[in-house]
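Remarks on the overall topology
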Amino acid sequence: MKTQSMIRRQIVAACASAVALCGVLGVSTQAMAQNKIPMRISTPAVPDDWHAKMWTVFKENLDKSSANQFDVQINLNASLFKQGTEPAAMARGNLELSSISAFDIAKLVPDFSIFTAGYVIRDPSHQQKVFNGPIGENLFKTVSEKMDVTILSTVYLGTRQVNLRDVRNVRTPADLKGVKLRMPGTKEWLFLGEALGATATPLAFGEVYLGLKTGTIDGQDNPLPTVRAAKFYEVTKQLVLTNHLVDGIFIAISNKTWNALTPAQKQNVKAAALAAAQYNNENRIKEEGQIIDFFKKEGLQVTTPDVDAFQKSVQDTYAKSDYAKTWPTGLLDSINKTR
Ligand code: KDO
């Protein structure tokens with residue numbers, strides 16, 4: 001009977017012979033990779049977060065369905081492109097894939113700003129129904145025309161909560177007055193922070209930990225699995241469960257790459273993106289259901305404000321804003337009626 005180490009040695013030898021054979025035939029391993037269609041992925045996600053791990057699911061799925069056709073390269077921590085610059089990089093053809101936010105999309109497709117408003121999407125299942133139904137189908141067509149990217153699947157990023165450096169009695173938006181609440185650096189994000197009653201302060205995701213540690217910001221908002229994965233709980237003392245945004249990101253591919261694929265390749269890439277989203281969504285929803293105890297054990301105070309007061313104030317602020325003027329007539333109603 002062969003021992004495990006013998007088998008391992010034989011596998012290594014077989015691999016070495018394959019590489020040597022390529023050398024004889026004048027085919028370098030680099031050239032082999034070059035023949036594959038590059039699939040560069042860029043995301044600000046930290047390795048421990050589900051929407052980072054989902055890219056490994058994407059890669060494994062695609063490698064299995066389309067052996068040797070794609071060279072999937074996963075770049076986390078915004079190491080390839082800065083947060084928010086991915087859509088432009090994809091449109092230029094410098095990047096194949098990313099997960100883009102409603103806030104990224106709203107910059108070029110104003111209708112989409114409806115999904116940057118707090119308290120519009122009710123829960124993860126509502127989110128999937130809205131984006132997998134006629135509303136999503138129509139909007140994604142406009143996204144493709146205006147942004148030159150194709151959306152492949154909808155990823156539940158989680159429900160955003162307020163996370164503070166120091167403990168504070170927060171019942172209503174008025175209690176966040178003067179709080180320097182970090183938001184990603186675009187006007188759509190800053191508007192959400194202001195709608196919550198805080199002083200919205202722009203900062204890239206990768207700088208939030210240090211900002212909280214040194215006190216250049218008083219707080220930040222993110223879904224709880226991200227608060228854990230990015231270790232923000234180490235430098236904050238309170239979670240305020242505002243539930244203000246059921247947040248989504250969208251796996252998108254550059255149209256330059258998408259349009260060059262065969263129908264079979266398109267099907268496999270789409271299936272891989274759906275599998276990645278499903279992996280993220282299931283794990284994130286499960287984690288959100290269990291995570292509060294973790295923060296309590298870490299010594300954080302977890303408080304529930306007057307969510308109705310937050311909801312009313314945020315919804316009124318958006319209704320009166322210029323954003324609401326760009327929302328197609330009836331869209332909010334159709335979203336609300338989606339069950
Ligand atoms: C953030 O910067 O707070 C945010 O949650 C915004 C999201 O759109 C997304 O970019 C996310 O960061 C990153 O993927 C890191 O988790």
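Above: the structure in question.
Let me sum up the structure you'll find in this document. (Residues numbered from 1 in each chain as written. Predicted model: local features only at pLDDT ≥ 70, side-chain atom pairs only at ≥ 80, totals over all residues. Heavy atoms only, no water.)

This brings us to the site of the ligand. Neighbouring the ligand are Pro44, Ala45, His51, Gln83, Ser101, Leu157, Arg160, Arg182, Pro184, Trp189, Phe205 and Asn222. For the ligand, an oxygen atom lies 2.7 Å from a polar atom in the side chain of glutamine 83. The contact in question runs from an oxygen atom of the ligand to an N or O atom on the side chain of asparagine 222, over 2.7 Å. Contact with the protein chains removes 95% of the 370 Å² of surface that the ligand exposes when unbound. According to the grid-proximity analysis, the pocket containing the ligand is the largest pocket. Taken together, the residues that form the shell around the ligand break down as six nonpolar, four polar and two charged. (Near = heavy atom within 4 Å. Polar contact = N/O pair within 3.5 Å; in protein donor to acceptor, adjacent residues only side chain to side chain. Areas by Shrake-Rupley, 256 points an atom, 1.4 Å probe, with all protein chains shown as cover. 1 Å grid on protein atoms, 1.4 Å probe; cavity = no way out; pocket = protein on both sides within 12 Å on 5 of 7 lines; lining within 4 Å. Sits in = over half its atoms within 2 Å of the grid points. Nonpolar A, V, L, I, M, F, W, Y, C, P; charged D, E, K, R; others polar.)

Let's shift gears to the environment of phenylalanine 295. Mapped onto the fold, phenylalanine 295 is located in helix α13 (residues 292–297). Ignoring sequence-local partners within four residues, the contact set of phenylalanine 295 consists of Leu224, Val227, Arg228, Tyr233, Leu239, Leu300 and Val302. (Helix = DSSP H or I, 4+ residues; strand = E, 2+ residues; numbered from the N terminus. Contact = heavy atoms within 4.5 Å.)

Two side chains with opposite charge may pair up if their charged atoms get near one another. Tallying each qualifying case throughout the model produces twelve salt bridges. Linking arginine 160 and aspartate 247 is a salt bridge whose minimum nitrogen-to-oxygen distance equals 2.8 Å. Taken together, the residues arginine 160 in strand β4 (residues 149–164) and aspartate 247 in strand β8 (residues 238–254) connect sequence positions 87 residues apart. The same class applies to arginine 160 as to aspartate 247, namely buried. Between lysine 337 and aspartate 333 there is a salt bridge, and its shortest N-O distance comes to 3.2 Å. One end of the pair, lysine 337, and the other, aspartate 333, are both in helix α16 (residues 331–337), four residues apart, so they sit about a helical turn from each other. Classification of lysine 337 as exposed rests on a relative accessible area of 62%. Under the relative-accessibility criterion, aspartate 333 is labelled partly exposed at 43%. Among the charged side chains, a salt-bridge network with shared partners connects Arg160, Asp221 and Asp247. (Salt bridge = Lys/Arg side-chain N within 4 Å of Asp/Glu carboxyl O. Buried < 20%, exposed > 50% of the residue type's maximum accessible area, 1.4 Å probe, protein only.)

Roughly 680 Å³ of volume is contained in the largest pocket. Together, 36 residues line the largest pocket, and Pro44, Gln83, Arg182, Pro184 and Phe205 are the ones closest to its centre. Listing elements by their share of the lining of the largest pocket, those giving two or more residues are β3 (97–101), β4, α9 (208–214) and β8. For the lining of the largest pocket, the leading source of residues is β3, giving three residues. (Points joined across faces, edges and corners; volume = space filled by probe spheres on them.)

Before going further, it helps to spend a moment on empty space enclosed by the protein. Rolled over the atoms, a probe as big as a water molecule pinpoints where empty space is left. This model, assessed by the stated rule, comprises one cavity of 30 Å³ or more. Quantified by volume, the largest cavity comes out at close to 80 Å³. Taken together, Ala102, Phe115, Ala117, Val120, Ile121, Gln127, Phe131, Leu245, Val246, Asp247, Gly248 and Phe250 make up the full set of residues lining the largest cavity. When contributions to the lining of the largest cavity are tallied by element, the ones reaching two or more residues are α6 (124–132) and β8.

Bringing the packing of helix α3 (residues 50–65) against helix α12 (residues 263–290) into the picture now. At a minimum axis distance of 8 Å, the contact between α3 and α12 shows a crossing angle of 145°. Between α3 and α12 lies a crossing whose hand is right-handed. Residue-level contacts link Trp50, His51, Lys53, Met54, Val57, Phe58, Asn61, Leu62 and Ser65 of α3 to Asn268, Val269, Ala271, Ala272, Ala273, Ala275, Ala276, Tyr279, Asn280, Asn283, Arg284 and Glu287 of α12. Looking at the contact of α3 with α12 residue by residue, the class counts come to twelve nonpolar, six polar and three charged. (Axes fitted to C-alpha atoms, helices over the stretch in contact; angles between N-to-C directions. Left-handed = near helix turned anticlockwise from the far one by under 90°.)

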